[in-house]
Amino acid sequence: MSNRLKKLQRHQRKFISKQKENNMVTRKAFTYECEDCGKRFRMWLQKGLEEPGENHKPVPFVIQCKCGGMATHVDWSNDIELNHDLPILDHMNYFAFKVNQDCGMAVLR
């Protein structure tokens, strides 16, 4: 294995570890579709959102798309639910868990 590849793998492991430390992990994703531009995109849910229990925090059914239109949660039967934590990476759209908010906040990337 080349030194360059080893360095890249070390950087990736370090980055993933940092994301987990910051609680930037997910286990769920929903699909949204914009009513204006028609684009479909996945929204990952930061851990702690849409989980059962006393401190349940939902995510919005409708959010603003990057184009300015309104996007709604579609294909509910194809929602993703993983059995393990997945780091939320820089390219992923997600709902952020904010302690001072009643629901998840959309972050579109």
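This structure is a prediction, so every number in the text was calculated from the model and none was measured.

**Comments concerning the environment of K57**
Following the sequence through the fold, K57 ends up in the loop between β2 (40-46) and β3 (62-64). Along the chain, K57 and C103 lie 46 residues apart, while their C-alpha atoms are 5.1 Å from each other. Look past the residues within four positions of K57 in its chain and what remains in contact with it is G48, L49, E50, F97, K98, V99, N100, Q101 and D102. Polar side-chain contacts of K57 include one of 3.2 Å to the backbone oxygen of V99.

**A few points about the side chain of T31**
Here T31 shows up in strand β1 (residues 25-34). Discounting residues that sit within four places of it in the chain, T31 has contacts with R40, F41, T72, H73, V74 and D79.

**Considerations on the state of the cysteines**
This model, assessed by the stated rule, comprises zero disulfides. C34 provides the cysteine sulfur closest to C37, a residue in no disulfide bond, and the two sulfurs are 3.7 Å apart. As a non-bridged cysteine, C65 has C34 as the owner of its nearest cysteine sulfur, 3.9 Å distant. The buried category is assigned to C65, whose relative accessible area is 7%.

Rules of the game
- Every residue gets a number counted from 1 within its own chain, in the order that chain's sequence is written.
- Per-residue local features of the predicted model are confined to residues with pLDDT of at least 70, and side-chain atom pairs are confined, for both listing and counting, to 80 or more; whole-chain, interface and lining totals are unaffected and use all residues.
- Water and hydrogen atoms were dropped before computing side-chain values, which therefore reflect all heavy atoms in the structure.
- Numbering of helices and strands runs from the N terminus, with a helix taken as a DSSP run of H or I at least four residues long and a strand as a DSSP run of E at least two residues long.
- Throughout, a contact is declared for two residues whenever any of their heavy atoms are within 4.5 Å.
- Pairing of N or O atoms within 3.5 Å defines a polar contact, subject to two protein rules: one partner must be a possible hydrogen donor and the other a possible acceptor, and residues neighboring in sequence count only if both atoms are side-chain atoms.
- The disulfide criterion is simple: two cysteine sulfur atoms within 2.5 Å.
- Here the term buried applies to any residue with accessible area under 20% of the maximum for its type, exposed to any over 50%, and partly exposed to those in between, with areas from a 1.4 Å probe on protein chains only.

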